[in-house]
Amino acid sequence: MDPILEQIKPGAPLPPVFYRMTALEAAPLLLGQTLVRRTEEGDIRCRIVETESYGGVEDKGSHAHGGRRTARTEIMFGSGGTAYIYLIYGMYNCLNVVTGTEGDPQAVLIRAVEPLSPADEAGMRRNRGTAARKPVDLSGGPGKLCRALDITKTLNGLPLDQPGGPLWLEGGPVPGESGAEEVIVQAPRIGIAYAEEYAAKPWRFYFRGNPYVSVIDKQAEVWQLQETEATTDRSL
DNA sequence: TGTCCGATTACCT
DNA sequence: GGTAATCGGACAT
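Residues numbered from 1 in each chain as written. Chains lettered and ligands numbered in written order. Predicted model: local features only at pLDDT ≥ 70, side-chain atom pairs only at ≥ 80, totals over all residues. Heavy atoms only, no water.

1. Some thoughts on the overall build of chain A
Stage number 1. Assigned secondary structure in chain A consists of 7 helices and 8 strands.
Stage number 2. For 236 residues, the compact-globule estimate of 2.2 N^0.38 gives 18 Å, and the C-alpha radius of gyration of chain A, at 17 Å, lies within 12% of that figure.
Stage number 3. Summarising its shape, the C-alpha atoms of chain A cover approximately 55 × 45 × 35 Å along the three principal directions.
Stage number 4. With 236 residues in all, chain A has 46% of them scored as buried.
Stage number 5. Of the roughly 11,700 Å² that chain A leaves accessible, carbon and sulfur atoms contribute 54%.
Stage number 6. Each charge sign in chain A was given a centre, from 25 positive and 30 negative side chains, and these centres are 6 Å apart. (Helix = DSSP H or I, 4+ residues; strand = E, 2+ residues; numbered from the N terminus. Rg over C-alpha atoms; globule rule 2.2 N^0.38 Å. Buried < 20%, exposed > 50% of the residue type's maximum accessible area, 1.4 Å probe, protein only. Areas by Shrake-Rupley, 256 points an atom, 1.4 Å probe, with all protein chains shown as cover. Lys, Arg positive; Asp, Glu negative; His and termini not counted. Charge placed at Lys NZ, Arg CZ, Asp CG, Glu CD.)

2. Regarding the side chain of E221
Stage number 1. With respect to the helices and strands, E221 occurs in helix α7 (residues 218-235).
Stage number 2. Ignoring any residue separated from it by four or fewer positions in sequence, one finds E221 in contact with V185, Y206, R208 and I216. (Contact = heavy atoms within 4.5 Å.)

3. A look at the protein's contact with DNA strand C
Stage number 1. Around DNA strand C, the neighbouring residues are R68, T70, R72, T73, L87, Y89, G90, M91 and K153.
Stage number 2. The share of sugar and phosphate among atoms of DNA strand C within 4 Å of the protein is 71%.
Stage number 3. For DNA strand C, a phosphate oxygen lies 2.9 Å from a polar atom in the side chain of K153.
Stage number 4. Here the residues of the surface near DNA strand C sort into 3 nonpolar, 3 polar and 3 charged. (Near = heavy atom within 4 Å. Polar contact = N/O pair within 3.5 Å; in protein donor to acceptor, adjacent residues only side chain to side chain. Nonpolar A, V, L, I, M, F, W, Y, C, P; charged D, E, K, R; others polar.)

4. Some thoughts on the protein's contact with DNA strand B
Stage number 1. Close to DNA strand B lie 21 residues; Y86, N96, R128, G143 and Y194 are nearest.
Stage number 2. Near-protein atoms of DNA strand B (within 4 Å) split between backbone and bases, with sugar and phosphate holding 54%.
Stage number 3. Contact between DNA strand B and G143: a phosphate oxygen at 2.7 Å from a main-chain N or O atom of the residue.
Stage number 4. Among the secondary structure elements, those contributing two or more residues to the surface near DNA strand B are β3 (83-88), β4 (92-98), β5 (106-115) and α6 (142-148).
Stage number 5. When residues of the surface near DNA strand B are assigned to their parent elements, the largest contribution, 3 residues, is made by α6.
Stage number 6. Residue composition of the surface near DNA strand B, grouped by class: 10 nonpolar, 8 polar and 3 charged.

5. Focus: helix α2 (residues 23-30)
Because each turn of an α-helix spans 3.6 residues, side chains separated by three or four positions end up pointing in the same direction.
Stage number 1. Among all positions of α2, only A23, A26, A27, L29 and L30 are buried.
Stage number 2. Contacts made by the buried residues of α2 are with α1 (16-20), β2 (42-55), β4, β5, β6 (167-170) and β8 (204-207).

These figures come from the coordinates and say nothing about function on their own.
Put into structure tokens, the structure is as follows:
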């Protein structure tokens with residue numbers, strides 16, 4: 001097991017070392033962890049099921065590529081453990097978990113979450129402006145999950161390692177007795193066709209078969225399955 | 001000060 | 001499947 005995963009305890013804050021990793025290391029490990037939103041209406045807890053890594057000045061898909069250090073991207077250059085929230089298309093917010101060390105812009109975009117309980121789901125439905133008929137409509141997509149959790153730019157720069165604040169991260173629940181370990185799919189990121197050679201990097205991660213995932217990449221799943229079979233064959 | 005456009009979504013045909 | 005909605009950030013003028 002990943003040595004950092006071993007340090008993550010259900011319901012406890014993520015260990016400081018978690019936030020010092022690169023975005024590419026942290027993105028798959030964030031899957032299954034819990035995001036907590038606290039408002040006057042109460043707490044909403046949800047499980048992260050899809051992420052994307054945006055790491056380093058060389059990543060042409062990142063807002064910080066080429067070392068672009070502006071008022072907006074400044075938080076990405078700080079040390080890890082904070083929230084980077086920005087407005088997209090004039091109407092949707094996107095939530096990122098900043099990781100890495102001072103001066104190195106690393107961030108993981110949270111693309112989909114699932115409510116942990118019926119009460120959490122009810123809270124998320126209340127926050128959404130539209131009737132979510134399917135799980136993916138409720139919080140499958142970066143803009144949708146921010147709406148569902150009432151996350152706006154007012155929370156930009158907020159520390160995510162401090163339980164009891166407006167927004168924080170904690171270790172996710174352990175899979176149930178019957179729950180087989182979930183398979184992580186690795187696929188190219190969404191909506192960054194302009195990123196040239198970085199557009200095809202498989203830096204999106206999600207739980208295979210989870211109904212809250214925003215975009216299913218059938219090609220990546222088939223390819224990954226073949227790889228697994230080939231590996232199994234060789235080991236026979 | 002002006003222009004372009006996005007790490008998207010909802011709703012339409 | 002197509003596309004309108006809507007505005008702040010980045011950069012040119």
